[in-house]
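This is what each chain is made of:
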Amino acid sequence: METEAQASKSSLTNLSTEIEFSENLHEIKSWEDKSTANWHQMLRVSESQAFKARVLKAQAWEIQASEAHRRASQTRHTSVLEMDATQALKQKPLPEKVQATEKEKCEILFTRPCWSNKIEYILTQVGYSMKISSLWHFFILWLHNGGCSFLIIYILMLFLVGVPLLFLEMAAGQRIRQSSIGVWKVISAWIGGVGYTSFMVCFITGLYLNVINVWTLFYLSQSFQFPVPWEKCPLLENSSDFDPECARTTPSLYFWYRLTLKASDRIEDGGSPVFSLNLFLLVSWCLIGAFMINGLKSTGKIMLVLVPAPYFIILCFLFRSLLLEGAAFGFQHLMLVKISAMYNMNVWCQAGNQVLFALGLGLGPVVSLSSHMYPSTNCLSDALIVALVNLFTMLLVTSFSFCVLGFWATVITHRCSEKNAETLVKLVAMGKLPLEAQPPPNLTANPTSVFNSWLNSLPHPIKHMVFGYVTECNLEKQFLKVKEGPSFAFVAFIETMSFIPGSVFWSILFFLLLLILGLISMIGIMQGILIPFQNTFSSFRKSTKLLTVVVFGFMFLCDLFFTRPSGIYYIRLLSEYWIVLPIIITIILENMAVGWAYGARRFLEDLAIVWGSPASAIIRWLWCFLCPIVLVALFVITLIHLSLKSITYVAWDSSSSKEVLRQYPSWALLVMIALFLIVILPIPTYFVYCLAHRISFTSTSQGKPIISFKSLPLIQPKPSKEVHKEETL
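Residues numbered from 1 in each chain as written. Predicted model: local features only at pLDDT ≥ 70, side-chain atom pairs only at ≥ 80, totals over all residues. Heavy atoms only, no water.

Novice: Describe the overall build of the protein, naming the residues involved and giving the relevant values.
Specialist: Helix and strand content of the protein: 31 helices and four strands. Within the protein, the fraction of its 729 residues that count as buried is 56%. Sequence-distant contacts, at least 24 apart, represent 81% of the contacts inside the protein between residues at least 6 apart. Within the structure as shown, the protein displays about 31700 Å² of accessible surface, and the carbon and sulfur contribution to it stands at 64%. (Helix = DSSP H or I, 4+ residues; strand = E, 2+ residues; numbered from the N terminus. Buried < 20%, exposed > 50% of the residue type's maximum accessible area, 1.4 Å probe, protein only. Contact = heavy atoms within 4.5 Å. Areas by Shrake-Rupley, 256 points an atom, 1.4 Å probe, with all protein chains shown as cover.)

Novice: Break down the environment of S252 for me, with residues and values.
Specialist: In this structure, S252 sits in helix α13 (residues 251–260). The exposure class of S252 is buried, given its relative accessible area of 1%. Through-space distance from the C-alpha of S252 to that of W230 is 4.7 Å; in sequence the pair is 22 residues apart. Beyond its immediate sequence surroundings of up to four residues, S252 is in contact with W230, V491, I494 and E495.

Novice: Help me get a handle on the packing of aromatic side chains, residues and values and all.
Specialist: Two aromatic rings are characterised by how far apart their centres lie and by the angle between their planes. Considering all chains together, one arrives at 49 aromatic pairs under this definition. Plain terms: the ring middles of F218 and Y219 are 6.4 Å apart, the flat faces sit at 90° to each other, and that makes the pair edge-to-face. Taking 4.9 Å as the distance between ring centres and 50° as the angle between the ring planes, the aromatic pair formed by Y569 and Y649 counts as tilted. Taken together, the positions of Y569 in helix α27 (residues 567–578) and Y649 in strand β2 (residues 648–653) put the pair 80 residues apart, joining distant regions of the chain. Taken as a pair, Y569 and Y649 share a single burial class, namely buried. Over the ring of Y128 we find K131; its NZ or CZ atom is 4.4 Å from the centre of that ring. Just above the ring of Y598 sits the side chain of R602; from NZ or CZ to the centre is 4.1 Å. (Phe/Tyr/Trp six-rings, centres within 6.5 Å; stacked < 30°, edge-to-face > 60°. Lys NZ or Arg CZ within 6 Å of the ring centre and 35° of its normal.)

Novice: Please set out the environment of P113 residue by residue, giving values where relevant.
Specialist: As for its position among the elements, P113 is in strand β1 (residues 111–114). Relative accessible area serves as the criterion here: at 30%, P113 is assigned to the partly exposed category. Distance from P113 to Y374, taken between C-alpha atoms, is 9.8 Å for residues 261 residues apart in sequence.

Novice: Which residues make up the pattern of salt bridges, and what values go with them?
Specialist: In the structure shown here, the tally under the stated rule is three salt bridges. Between K301 and E120 there is a salt bridge; the shortest N-O distance is 2.9 Å. Note that K301 is positioned in helix α15 (residues 296–306) and E120 in helix α7 (residues 118–129), a separation of 181 residues in sequence. Here R258 makes a salt bridge to E245, at a shortest N to O gap of 3.1 Å. Within this pair, whereas R258 is found in helix α13, its partner E245 is found in helix α12 (residues 244–247), the two being separated by 13 residues in sequence. Given a relative accessible area of 27%, R258 falls into the partly exposed group. (Salt bridge = Lys/Arg side-chain N within 4 Å of Asp/Glu carboxyl O.)

Novice: Could you give an account of the confidence of the model for the protein, naming the residues involved and the relevant values?
Specialist: For any part of a model where pLDDT is low, the fine detail of the predicted coordinates should not be relied upon. Mean pLDDT for the protein: 80, with 80% of residues reaching 70 or above. Contacts for the low-pLDDT stretch residues 1–51, under 50 throughout, to residues beyond four places or in other chains number 63 contacts. Low pLDDT, under 50, characterises residues 699–729; the stretch is placed with 82 contacts to residues that sit more than four places away or in other chains. (pLDDT = per-residue confidence, 0-100.)

Novice: Got a sec to walk through empty space enclosed by the protein? Specific residues and values, please.
Specialist: A complete count under the given rule lists seven cavities of 30 Å³ or more for this structure. Taken as a whole, the largest cavity spans an internal volume of roughly 150 Å³. Those elements that place two or more of their residues in the lining of the largest cavity are α8 (132–144), α20 (379–430), α24 (486–499) and α25 (503–536). Residue composition of the lining of the largest cavity, by class: 13 nonpolar, one polar and no charged. (1 Å grid on protein atoms, 1.4 Å probe; cavity = no way out; pocket = protein on both sides within 12 Å on 5 of 7 lines; lining within 4 Å. Points joined across faces, edges and corners; volume = space filled by probe spheres on them. Nonpolar A, V, L, I, M, F, W, Y, C, P; charged D, E, K, R; others polar.)

Novice: Any details on the nonpolar core? Residues and values, ideally.
Specialist: If you look at the biggest cluster of nonpolar residues, it comprises 199 residues, and the most contacted ones within it are F167, W184, W215 and M526. Here this core takes 18 residues from α25, the largest share from any one element. Discounting chain neighbours no more than four positions away, the residues touching F167 are C379, L380, A383, L604, L607, W611, I619 and W623. Listed in part, the 14 residues of the second largest apolar core include L427, L443, F451 and V466. (Core = buried A, V, L, I, M, F, W, Y, C linked by side-chain atoms within 4.5 Å.)

Novice: Go over the pairing of strand β3 (residues 658–663) with me, naming the residues and quoting the values.
Specialist: Looking at chain direction, β2 and β3 are connected through six bridges and run antiparallel. Paired with V650 across the two strands is L661, which belongs to β3. In sequence, β2 turns back onto β3 through a hairpin of four residues, with S657 there showing a positive phi of about 55°. (Pairing = 2+ DSSP bridges.)

Novice: Explain the environment of I531 residue by residue, including any values.
Specialist: Examined against the element boundaries, I531 turns out to sit in helix α25. On the accessibility criterion, I531 (4% relative accessible area) is buried. C-alpha separation for the pair I531 and S368, spaced 163 residues apart in sequence, amounts to 6.4 Å. When residues no more than four places from it in sequence are discounted, the contact partners of I531 are R112, S179, S368, L369 and H372.

Novice: An account of the UniProt feature "binding site: Na(+)" (unreviewed entry) in the protein is needed here, citing residue identities and associated values.
Specialist: Under the feature "binding site: Na(+)" (unreviewed entry), the UniProt entry names G127, N390, L517 and S521. Considering the C-alpha atoms alone, the annotated residues occupy 395 residues of sequence yet fold into one spot, their largest mutual distance being 12.3 Å. As for the annotated residues, the ones lining the largest cavity are L517. Take G127: it is sitting in helix α7. Its relative accessible area of 0% is what places G127 among the buried residues. When residues no more than four places from it in sequence are discounted, the contact partners of G127 are V307, I520 and S521. (UniProt positions renumbered as here; feature names shortened; annotations may be inferred.)

Novice: Describe the state of the cysteines, and please don't skip the residues or the numbers.
Specialist: Where two cysteines share a covalent bond between their sulfur atoms, that bond is called a disulfide. Tallied over the full model, the rule gives two disulfides. Two residues share a disulfide in this structure: C233 and C246, whose sulfurs sit 2.0 Å from each other. On the sign convention where negative is left-handed, the bridge of C233 and C246, at about -80° about the S-S bond, is left-handed. Separated by 13 residues along the polypeptide, C233 in the loop between α11 (193–222) and α12 and C246 in helix α12 bring together distant segments of the chain. The exposure class of C233 is buried, given its relative accessible area of 15%. There is a disulfide in this structure between C416 and C473, and the S-S distance comes to 1.9 Å. The chirality of the disulfide connecting C416 with C473 is left-handed, given an S-S dihedral of about -75°. In this pair, C416 sits in helix α20 while C473 sits in the loop between α22 (460–467) and α23 (475–479), placing the two residues 57 residues apart along the sequence. (Disulfide = S-S within 2.5 Å.)

This is the structure we're talking about:
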């Protein structure tokens, strides 16, 4: 160590004189790599005095980083490394000409952890993309937008737009080794505000998505009883009669609105947070915090268990659903093809937006997670793997969903026919209908088919009389009654679970599936919030556990707003109308930053140097031409669609015990617009700043070279192994 200290001191002393740059680099053995050629090339460009001073300062940074790197190789912990290197800097002050600031020292000494292996990284990216909301939205789009025709459109949009943009975010984070806030500042100062916008959108998205986990935990806690509480209406206190509000509707709908949400009739009706949901809200944040408290080291190991688990549950549901009555009817709708959907611009727009949401683009977690991956990893193959696994997952979920809902529609239609038969029998007994209107006695085998055949065989006058007393029982219409939103999973699906033999077991399994999917997607979202905090504020790097607790506690308090009786209406406002525009704007500017500001050709050449092989030229064409055109078209069509569409929400009417369609009040729309302007504000702010300071649009550095951080794996290597170093962009 004394020998190293003397060598370092000697090198720093020589820096104060005007000696040749190549001789200093030759004395530092740890930096005999590609950086030597880069510095020689820079030296030949300009020999002005200002440039020499900047080169000397950069060399001082490298010497300090080299000293910290040598100490890290002696099997010492990162925190010890930072302490020793700081003491060494205090003992050996640099000449005033090349003295580094405290902030620069902290940046140099920051050792960025890397994933232990590529599998953990890929599983984390896959888990982040498996959001519950995108899975049920994909099913709804398939059902109402042309069936397999929508799948064809979705696959085209996925590989022509989704995969290139996913590769762009992965490559930017992996190459520059910074979070979603810092990456875009490095690529182009004009686009620097995009990082703050994506951070705020990610924060708001994490708030309302975690409420789904709260609902899931509440249902899961109620599943350990037979029969399940949403199978029958509750009885009144001290009475044998059912609750009249439940008797006017279905037990599952009553349990969802009245017992779970305790929903208000309108969004204007406030109320305090629901206590039963607050308890599970705390449990949900504690679970996520326990998984993330130790950083990437614990997150990667947990993902090895949690991400594969849903596929076993999905396969169980798929095999079971194929054996249900009505599964064939649901499978027919799954394979339905409508050619007219191929010419519908609205279908293309919805497919494009679904691709962006499914892959989690524009929110920041993709960039933040990939920033902890080694630069030499080919992230193009990673993007393909994540996109294909995400598509495979949605196809699996959609397949068993069609079969399960085919069974649901069949059971509901059978019960409707049986109820109509009972009504007709009573009316005939009362003399209001003739004896010819007496339904057949045996409806147990196939009630819908037998009842409809008998009804169609009646004479026209009697049939007209019967239609005045019975309700329509149509299997096709019942199947298409499935609605988008949380009610798809928490009303239609749980009602189906109560129809299946062994309803308790299947209900528990279903909510375990929802809970695991919700937790792994929230882990990815929270990494997109915590990593930017740690990278932006150096003080947070020394107390990551405290940062995690503080952030999770703050988000728990914010989430109390969504557990109020009217919280479900605000969640629908954000998820169905607000979030789409900020995400599209963010992705457009990210594409501009890499494709035009930095230059797609230049960016791919930088990646080729690190990878050792060139990237496909098709990627550059997609970044520069196709993706910008498609994204701008999506933005324009979505904006027109939102401006022409009536902003409505489905609310619970306690007087009639039915779902009713209401229009959002004007103040709610103003709040939505104000929130949109707030999250977008950093983008024009950076534009104005760069314009006022005459900063070039294509500038990637502001007067000083970009020095990369050291990257150490989560499991410290042995001293004999080479520590990976980050390259300069």
